[in-house]
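In case you want the letters, here they are:
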Amino acid sequence: MQSTRKLFVGGNWKCNTTLEKSVNLVETLLNSLSFNSAKLDVVIAPIFIHIPALKSGIKNAVQIAAQNCSLTSQGAYTGEIAADQIKDIGIDWVILGHSERRSYFGEDSELVGKKVKIALATGLKVIACIGEKLEEREAGNTFDVVKNQLTAINKEVSHEDWKNIVIAYEPVWAIGTGKVATPEQAQEVHEYIRKLMVEINNSEIAENVRIIYGGSVNGKNSSELIGKEDIDGFLVGGASLKPEFADIVKSCDSN
Ligand code: 13P
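Notes on the structure follow. (Residues numbered from 1 in each chain as written. Predicted model: local features only at pLDDT ≥ 70, side-chain atom pairs only at ≥ 80, totals over all residues. Heavy atoms only, no water.)

1. Points about the sheet that holds strand β2 (residues 40-45)
So, point 1. Strand order in this closed barrel of eight strands is β1-β2-β3-β4-β5-β6-β7-β8, and the pairing throughout is parallel. Averaged over neighbouring strand pairs, the angle between their axes works out to 25° when direction is ignored.
So, point 2. By the bridge criterion, four bridges tie strand β4 (residues 93-96) to strand β5 (residues 125-130) in an arrangement that is parallel. The partner of tryptophan 93 across the bridge, within β5, is lysine 125.
So, point 3. Against the sheet, helix α7 (residues 142-154) makes contact with β5 and β6 (165-169), and its axis sits at roughly 150° relative to β5, the strand it touches most.
So, point 4. Packed onto the sheet, helix α11 (residues 245-253) meets β1 (7-12), β2 and β8 (233-236) and runs at close to 165° relative to β1. (Pairing = 2+ DSSP bridges. Helix = DSSP H or I, 4+ residues; strand = E, 2+ residues; numbered from the N terminus. Axes fitted to C-alpha atoms, helices over the stretch in contact; angles between N-to-C directions. Contact = heavy atoms within 4.5 Å.)

Take a look at the structure:
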């Protein structure tokens, strides 16, 4: 079943690196990756202002994502970057709803849903992040949290739009903590999400949507995680800035 879905490895660089270091990562790490781009998307998300320099330096099929976009269109909105301005410079992807934006910048599920709609309307593809906090998991609310976050997005998009959305399940307690979800814990939630997609959309959409895992993925745990039926790839934070990102890509390329 999994074989019909193209795998996906994202590298979320977050608010890290200088321009020099970013360019160096492209030259030494990304340009030496070789993978079958018909079967695997590799997408890195640097900070906005590094994108033009990195885009021109990438020599293979690695793609670039923005880490956010504005809820507004172009106009008098100081400090914002509109979705169509991202598309305008030749970028095809945007990460939305990351837990760091939800917790540190007050983005709630309703706003995330609206941003997803705007991004899709401009022709961007979306990596939509959802995931529960530790206290929510401990209270037994993981499925409810994930359901609420996903239905808020689903409310704003059409069936057709789901072709352009990758769902990133990122349990907040596993992000940047070194505490990776076990393959079984991740699979359990991915399976739930896929079933939920049948319920709120239909089985074709559920079967085709890519559900990737994020949270302390590294060169050592990626092979086992990617072996799970409903895990279609990763959104990698810390390890995407290190040589082991190549091992993560390789674990998916050879899967
Ligand atoms: P880490 O891989 O550093 O845990 O971060 C995951 C993440 O937030 C990716 O978006």
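2. Comments concerning the environment of leucine 25
So, point 1. The topology assignment puts leucine 25 in helix α1 (residues 19-28).
So, point 2. We classify leucine 25 as buried; its relative accessible area is 8%.
So, point 3. Dropping the residues within four chain positions of it, leucine 25 is found in contact with Trp13, Thr17, Leu30 and Leu241. (Buried < 20%, exposed > 50% of the residue type's maximum accessible area, 1.4 Å probe, protein only.)

3. A few points about the layout of surface pockets
So, point 1. As a volume, the largest pocket reaches approximately 490 Å³.
So, point 2. In terms of lining, the largest pocket is formed by 24 residues, of which the most central are Phe48, Gln67, Asn68, Arg101 and Phe105.
So, point 3. When residues in the lining of the largest pocket are grouped by element, the largest group, three residues, is from helix α4 (residues 99-104).
So, point 4. Classifying every residue of the lining of the largest pocket gives 12 nonpolar, six polar and six charged.
So, point 5. Taken as a whole, the second largest pocket encloses approximately 290 Å³ of empty space. (1 Å grid on protein atoms, 1.4 Å probe; cavity = no way out; pocket = protein on both sides within 12 Å on 5 of 7 lines; lining within 4 Å. Points joined across faces, edges and corners; volume = space filled by probe spheres on them. Nonpolar A, V, L, I, M, F, W, Y, C, P; charged D, E, K, R; others polar.)

4. A look at the packing of α7 against helix α8 (residues 183-200)
A packed helix pair is summarised by two numbers, namely the angle formed by the two axes and the spacing between the axes.
So, point 1. The interhelical angle for the contact between α7 and α8, taken along N-to-C directions, is 45°, at an axis separation of 11 Å. By the angle between their directions, the pair α7 and α8 is classed as oblique. Our pair here, α7 against α8, has a crossing hand that is right-handed. Touching Thr142, Phe143, Val146, Lys147, Leu150, Thr151 and Asn154 of α7 are Glu188, Val189, Tyr192, Ile193, Leu196, Met197, Glu199 and Ile200, all from α8. (Parallel < 35°, antiparallel > 145°, perpendicular 65-115°, else oblique. Left-handed = near helix turned anticlockwise from the far one by under 90°.)

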